[in-house]
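# Close look at the chain arrangement
Single-letter residue listing:
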Amino acid sequence: MSPLNSETPTLPSGAGNDGQPHAKQDAMEVKARQQDVNGTASHSLWVDVNAHQEVKRVVVLGSGDFGLALTGRLVQANYQVVVGSRNPQKTRPRASGIGATVMQHEEALQQGEVVVMAVPFTHVASLPLQQLAGKIVIDVSNRTPATSSSLGSLSQAEELQALVPAARVVKAFNVLSAYALTRGNMGSKEVPVCSDDEAARRRVCEIARDLRFTPLDMGRLSNAQEVEAIPLSFFTEWRGGFFTSLAVFVFYFLLLLFEWQLCSHLQHPSNDWSSLNRLVSSNVSIACADTALTLLALCYLPGVLAAYLQLWRGTKYSQFPGWLDLWLKSRKHLGLLMLLNSLLHVILKLAGSPLSWNADWRRNAFVASGVFALVLAGILGLTSLPSVAGNMTWREFSFVQSVLGWFTLVLATLHLVFSGWDMLFKPDFTCYLPSNGQFVMVLPLLTLALKLPLLLPCVDSMLQNIRQGYDRTPSRTNNN
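Residues numbered from 1 in each chain as written. Predicted model: local features only at pLDDT ≥ 70, side-chain atom pairs only at ≥ 80, totals over all residues. Heavy atoms only, no water.

Bringing the overall build of the protein chain into the picture now. Looking only at helices and strands, the protein chain features 20 helices and 8 strands. Burial statistics for the protein chain: of 480 residues in total, 40% are counted as buried. The long-range fraction of contacts in the protein chain, counting pairs at least 24 apart against all pairs at least 6 apart in sequence, stands at 67%. Approximately 26,800 Å² of the protein chain is accessible, and the part contributed by carbon and sulfur atoms is 60%. (Helix = DSSP H or I, 4+ residues; strand = E, 2+ residues; numbered from the N terminus. Buried < 20%, exposed > 50% of the residue type's maximum accessible area, 1.4 Å probe, protein only. Contact = heavy atoms within 4.5 Å. Areas by Shrake-Rupley, 256 points an atom, 1.4 Å probe, with all protein chains shown as cover.)

What follows is the structure, encoded as structure tokens:
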């Protein structure tokens, strides 16, 4: 019997689980080719075998920077994209260059069931909304701080759902920017997704995964207000680090002001306040240096405390206390603020009294340790940025942040020691207070002293075993 009279082969459900259905399909394709060569079959059988592959198509309404950036990402993920534009002739050169088709809004909406609403929300009413009935409509809009709704009002996604009740509105992709979409190494970026239609929500999550993002199911559309508030957040993760840095700076500045300017007047009253002229060049500069060294110690102290806690508990599976967990998460921000204070110290120091090399070994050691500490601090700051860290292996990142980080702390501490050798170790106190340098040395020396026992081979091997899964907790061992 001729193959043309046989049934068209189809893939059974579960194809690919054990490899047999794929092998069957491959054999049929080979047979079809052989029959075609022998002249006993038409090439149409070869076409029919692959006709079951689903074509993924998305309509993007809007030809702005974000719309075209999302279009390019969809095309890279093997989606067929139709861009709806008010002016197709103007948009076609840019859209065609990234592999998309351009049509008028009305015509584009007839080409697919998934529609991305990538136009300003104020222009939504001018679109042919009646054609959105039954379609999955992805709202990517965001409010601005000036137009942000008050608590309790509808989100823009809910307002769109009210405009088109028959559509299945999904809030997604609003946390991304055109820049993030055009980059190739942003696959770990979380994309919150919410909708009242569970099937539509799952479909959009699949699209997000195809684009190499991580979808975060946020449930019903009523949660869109929370999702829309994400891009409006203003340095929320930096608040802890910023206020810590500010408090440390104010403390050291007031301490220097008391020691260098006010103390002498309290002991020997006088009308000469010329020493206040050095507030910026000396007080602010040294306060920035003291703040930088303190923040650097605060970056590594929580890791040391966490190590001792794991050694004491004998497991890595128990949660850290809330204060320690928050401290560990703020280390990146503390490190960048440390770098900022270091740069301010150097700039003000050079502007006030440029550094000079001379024959004094202690002076040379002071300058050298400060310069190298600043360079390494810059490396630490750069590698903490996602764009840089994303191009490093875990071993490279760990070496920079751990080995070079601790070496930076040692150099910065030595820089302080060489700068005020006599002040650090003299027993007398000025105005009944320890000197500024004595205050600053406490935290770095404490951090380094706590780190040294962890470097012992027996302690280090025990800690590594715990971090690799060893658990000496009896109850947990019995459960396993």
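With that out of the way, let us pick up the pairing of strand 2 (residues 80-84). Successive side chains on a regular strand alternate, one facing one side of the sheet and the next facing the other. Extensive coverage of strand 2 is indicated by the burial of 4 of its 5 residues. Between strand 1 (residues 57-61) and its parallel partner strand 2, the chain crosses via helix 3 (residues 65-76), and the hand of that crossover is right-handed. Two elements, strand 2 and strand 3 (residues 101-103), share 3 bridges in a ladder whose sense is parallel. Paired with Val 83 across the two strands is Val 102, which belongs to strand 3. (Right-handed = clockwise from strand over helix to strand, strands pointing away. Pairing = 2+ DSSP bridges.)

As a further point, take the sheet that holds strand 7 (residues 190-195). Strand order in the open sheet formed by 8 strands is 3-2-1-4-5-6-7-8, with mixed pairing between adjacent strands. Only two strands of the sheet have a single partner each, and these edge strands are strand 3 and strand 8 (214-217). Between one strand axis and the next, the sheet turns by 30° as a mean value, whatever way the strands run. Sitting on the sheet, helix 4 (residues 88-97) touches strand 2 and strand 3, and the angle it makes with strand 3 is about 170°. (Axes fitted to C-alpha atoms, helices over the stretch in contact; angles between N-to-C directions.)

For any two aromatic rings, the description comes down to two numbers: the centre-to-centre distance and the angle of the planes. For the coordinates displayed, the defined rule picks out 7 aromatic pairs. For the ring pair Phe 242 and Phe 243, a centre distance of 5.4 Å and an interplane angle of 70° mean the geometry is edge-to-face. Taking relative accessible area as the criterion, Phe 242 reaches 44% and is therefore assigned partly exposed. Ring geometry for Phe 251 and Tyr 252: centres 5.3 Å apart, planes at 65°, overall edge-to-face. Overall, Tyr 252 belongs to the buried group, its relative accessible area being 5%. Between Lys 56 and the ring centre of Tyr 79, over which it is positioned, the NZ or CZ distance is 4.7 Å. (Phe/Tyr/Trp six-rings, centres within 6.5 Å; stacked < 30°, edge-to-face > 60°. Lys NZ or Arg CZ within 6 Å of the ring centre and 35° of its normal.)

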